[in-house]
Amino acid sequence: MIKTLVNKIKESKTVVTHFGDDLDNKSSIYALERYAEENGIIEKGEHLIVERVPAGQLKEGMLNIDTGGHHGSQLEGDTIVVDGDPANGIHSASAALANLGIYVPEQIVELADTMPNRVSALDSRSGLALVRYLSGEQLFRVAEAELLDKQLTNEQLKEYGLIEAHEKQQQVIDNAVEKIKANEVELPNGEKMVVAKEQILGGSAIAYELGYNYFVSVSKHFDSEHNEDGVTFAITSKPGVRLPDKVKEWGRTLVEKYRIDERSSNVFLNPNGQMLVAGGPKNPNFKIEDFTPDELSEKIKELFGEEPKITLGEIGEGIENIKKKNNEI
């Protein structure tokens, strides 16, 4: 496998991964760049070309890293897939590369794809919390110091160039907490969930930290000319909590409706029953045209329970509408 992988990098100098960055794919790409540079495949300071595909899909004839929807590293003709295989103790693409003899810091191998279990979503000081802002080199430096899952002091934030990243992440957290509380929904059984008609950066993990079991995000989709042309959504549940059967049943019908081939669909229902996603950051070109955001939000609420109570956000919208009408009168 390693020889084929090296030849593929020499041939294309390209890596394919999913849309968006996380600890696993960002570290894997940097590990491959270091390996390619050390072995004379690319010049010092040169970067590999990164192409993106929707999560769960791959690009034929290319080196696919952490694209998801696969189990372990595979070679199919001239297509290479490097991904985690949890059933066999390989939890991430980073770990798979390490098994092939490509250097990845031990702490990244240990923590990639395990962030929810290691740091609080309300944390803005650890390397894991700041992944989106870090370069591959910064990630390796912090991991080699075994600080990825530690609360960094002001001095450490300065040492690793993370002061601005910390400030940005704290703003993300504060904004998410405010929006989560404004979009709280209470179900007939008294359970509370979040149904937001927009994407909230970091929203699901922060909602779980605040005590919610379910997080729903429904967003408008726009075409290349920024005309609204559909909706996307994500329904997720807290680790250890499965989505209701009605939600999973509906999800399976959508998976089949938007199926691409035997192995993939534009709608993803995680086998563990904790995630149903259509479009979004990891599949930005896909949308559903059958609903407006309001209609889809109500449909999802119905799947969780009959006649859920109105959200605080909707109450606020109603008050604003009344004010506007009074002003017009």
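Residues numbered from 1 in each chain as written. Predicted model: local features only at pLDDT ≥ 70, side-chain atom pairs only at ≥ 80, totals over all residues. Heavy atoms only, no water.

### Let's talk about unusual backbone geometry
Right, so step 1: One non-glycine residue with positive phi stands out, namely D66, at about 55°.
Right, so step 2: Tracing the backbone shows D66 in the loop between β3 (63-65) and β4 (74-76).
Right, so step 3: On the basis of relative accessibility, which here comes to 7%, the residue D66 falls in the buried class.
Right, so step 4: Phi at E146 takes a positive value of approximately 55°, unusual for a residue other than glycine. (Helix = DSSP H or I, 4+ residues; strand = E, 2+ residues; numbered from the N terminus. Buried < 20%, exposed > 50% of the residue type's maximum accessible area, 1.4 Å probe, protein only.)

### Digging into the nonpolar core
Right, so step 1: Among the nonpolar cores identified, the biggest contains 44 residues, and L5, L23, L32, L63 and L148 are the most heavily contacted of them.
Right, so step 2: Residue contributions to this core peak at 7 residues, all from helix α2 (residues 23-38). (Core = buried A, V, L, I, M, F, W, Y, C linked by side-chain atoms within 4.5 Å.)

### Some points on the side chain of E33
Right, so step 1: Note on placement: E33 falls in helix α2.
Right, so step 2: In terms of polar contacts, E33 uses its side chain to reach the side chain of H47, at 3.4 Å.
Right, so step 3: Beyond its immediate stretch of four places on either side in the chain, E33 contacts I42, H47 and L48. (Polar contact = N/O pair within 3.5 Å; in protein donor to acceptor, adjacent residues only side chain to side chain. Contact = heavy atoms within 4.5 Å.)

### What about the sheet that holds strand β10 (residues 267-269)?
Two strands in a sheet stick together by hydrogen bonds in their backbones, pointing the same way (parallel) or opposite ways (antiparallel).
Right, so step 1: Ordered by their spatial adjacency, 6 strands build an open sheet running β6-β7-β8-β9-β11-β10, and the pairing between neighbours is mixed. Strands with a single pairing partner mark the edges of an open sheet, and in this sheet they are β6 (184-186) and β10. Here the average twist between neighbouring strands, direction ignored, is 15°.
Right, so step 2: Contacting β6, β7 (192-196), β8 (214-222) and β9 (228-237), helix α11 (residues 293-304) runs over the sheet at an angle of about 160° to β8. (Pairing = 2+ DSSP bridges. Axes fitted to C-alpha atoms, helices over the stretch in contact; angles between N-to-C directions.)

### Topic: helix α6 (residues 136-144)
Right, so step 1: Regarding α6, the residues found buried are G136, Q138, L139, F140, V142 and A143.
Right, so step 2: E146 lies just past α6 and shows a positive phi near 55°.

### Points about the environment of G280
Right, so step 1: In this fold, G280 is placed in the loop between β11 (275-278) and α11.
Right, so step 2: On the basis of relative accessibility, which here comes to 14%, the residue G280 falls in the buried class.
Right, so step 3: Each C-alpha atom of the pair G280 and G61 lies 26 Å from the other, and the pair is 219 residues apart in sequence.
Right, so step 4: Filtering out sequence-adjacent residues up to four positions away, G280 remains in contact with Q199 and T232.

### Here's the deal with the confidence of the model for the chain
Right, so step 1: Residue-level pLDDT values for the chain average 87, and 91% of them are 70 or greater.
Right, so step 2: Helix α12 (residues 312-328) is the least confidently modelled element of the chain, averaging 50 in pLDDT, while helix α8 (residues 163-182) averages 96, the highest of any element.
Right, so step 3: This model gives residues 306-312 a pLDDT under 50, and the stretch forms 19 contacts once residues within four places in sequence are excluded. (pLDDT = per-residue confidence, 0-100.)

### What to know about the packing of helix α10 (residues 245-257) against α11
Right, so step 1: Close contact between α10 and α11 brings their axes to 7 Å; oriented N to C, the two are set at 130°. The pairing of α10 with α11 is recorded here as oblique in orientation. Only L296, K299, I300, L303 and F304 of α11 make contact with α10, whose side of the interface consists of K246, V247 and W250.
Right, so step 2: Its residues placed into classes, the contact of α10 with α11 shows 6 nonpolar, no polar and 2 charged. (Parallel < 35°, antiparallel > 145°, perpendicular 65-115°, else oblique. Nonpolar A, V, L, I, M, F, W, Y, C, P; charged D, E, K, R; others polar.)

### Brief notes about the pairing of β11
Within a regular beta strand, the side chains point alternately toward one face of the sheet and then the other, so they alternate between its two faces.
Right, so step 1: Where β9 and β11 come together, 4 bridges link them in antiparallel fashion. Note that in β11 the partner of I235 across the bridge is L276.
Right, so step 2: The pairing of β10 with β11 spans 3 bridges and is classified as antiparallel. Within β11, the residue paired with V267 across the bridge is A278.
Right, so step 3: Between the end of β10 and the start of β11, which pair antiparallel, lie 5 residues, with G273 showing a positive phi angle near 75°.

### Digging into the packing of aromatic side chains
Right, so step 1: Applying the stated rule across the entire model yields 5 aromatic pairs.
Right, so step 2: Ring geometry for Y30 against F140: centres 4.7 Å apart, planes inclined by 85°, an arrangement best described as edge-to-face. On the criterion of sequence distance, the pair formed by Y30 in helix α2 and F140 in helix α6 is long-range, its members being 110 residues apart.
Right, so step 3: The class for Y30 is buried, based on a relative accessible area of 18%.
Right, so step 4: With centroids separated by 5.5 Å and ring planes inclined at 25°, the aromatic side chains of F233 and W250 adopt a geometry described as stacked. In this pair, F233 sits in strand β9 while W250 sits in helix α10, placing the two residues 17 residues apart along the sequence.
Right, so step 5: Residue F233 is classed as buried on the basis of its relative accessible area, which comes to 2%.
Right, so step 6: Three or more aromatic residues link up through ring pairs in this structure, and these residues are Y30, Y103 and F140. (Phe/Tyr/Trp six-rings, centres within 6.5 Å; stacked < 30°, edge-to-face > 60°.)

### Some words on the pattern of salt bridges
Right, so step 1: Across all of its chains, the model carries 16 salt bridges by this definition.
Right, so step 2: The partner of E11 in a salt bridge is K8, and the shortest N-O contact between them spans 3.7 Å. Here E11 pairs with K8, and both are found in helix α1 (residues 2-12), just 3 residues apart, close to one helical turn.
Right, so step 3: With a relative accessible area of 6%, K8 lands in the buried category.
Right, so step 4: A salt bridge links K179 to E198; the shortest N-O distance between them is 2.9 Å. Of the two residues, K179 is situated in helix α8 and E198 in the loop between β7 and α9 (203-209); the sequence distance between them amounts to 19 residues.
Right, so step 5: Among the ionic contacts, a cluster of salt bridges with common partners joins D229, K287 and E289. (Salt bridge = Lys/Arg side-chain N within 4 Å of Asp/Glu carboxyl O.)

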